[in-house]
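Notes for the structure review
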Amino acid sequence: MTRVYSKSQMARRVWLTGRIAKQAMADDEYGTEADSCVDPKLLREIDRIDRRAEEEAGYQQYAAKRQLEEARGAAAAAKVRLNAAAPKDKRQARMAKNDAEAALKRAQRAARKAGL
C-alpha cells in the first residue's frame, strides 16, 4: 500500500534514517543483530511513522472512492434531468450537467492520485 507522509513525519523519518545510518557505520561487518549499535527505539519509531502513513493513505483512498461514487451519481442524475427537461429548461439543465461532469473529472483525478 502507498504511504502518505506529512511534512513533519517525513522530516522526522529522514532524521531517524540519518541517525540509524550513522549508528550502523559503527557496527563491524561480523556483528549480529543482537549486538548491533543501532538503537531499537529508532527502528520502532520509523515503523510507527510508516504504519501511521499507511493508515492515512487508507483514509484518503476511502474518501476519494466515496467522493468519486457521489460524483458519478450526480453526473448521471444531471444527464437524466437534461433528457427529461422541458425545452425552456434545457439550457440550465445542460449547464448543470456540464458542472457535474467537470466535478466527476476532478474526482477521477483525485482518485487516481490517491492510488485507486
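Use the structure listed above.
As a starting point, this report considers the structure included with it. (Residues numbered from 1 in each chain as written. Predicted model: local features only at pLDDT ≥ 70, side-chain atom pairs only at ≥ 80, totals over all residues. Heavy atoms only, no water.)

With that settled, the discussion passes to the pattern of salt bridges. Here the structure, examined in full by the defined rule, presents 11 salt bridges. Between Arg48 and Glu45 there is a salt bridge; the shortest N-O distance is 3.8 Å. Linking Arg48 with Glu45, this pair stays in helix 2 (residues 40-84), spanning three residues, or about one helical turn. With relative accessibility at 44%, the residue Arg48 sits in the partly exposed group. Among the residues examined, Glu45 registers a relative accessible area of 19% and is labelled buried. Measuring nitrogen to oxygen at the nearest pair gives 3.5 Å for the salt bridge that ties Glu101 to Lys97. With Glu101 and Lys97 both in helix 3 (residues 90-114) and four residues apart, this pair spans about one turn of that helix. Taken together, the shared-partner salt bridges in this structure form one network comprising Arg3, Arg13, Asp50 and Glu54. (Salt bridge = Lys/Arg side-chain N within 4 Å of Asp/Glu carboxyl O. Helix = DSSP H or I, 4+ residues; strand = E, 2+ residues; numbered from the N terminus. Buried < 20%, exposed > 50% of the residue type's maximum accessible area, 1.4 Å probe, protein only.)

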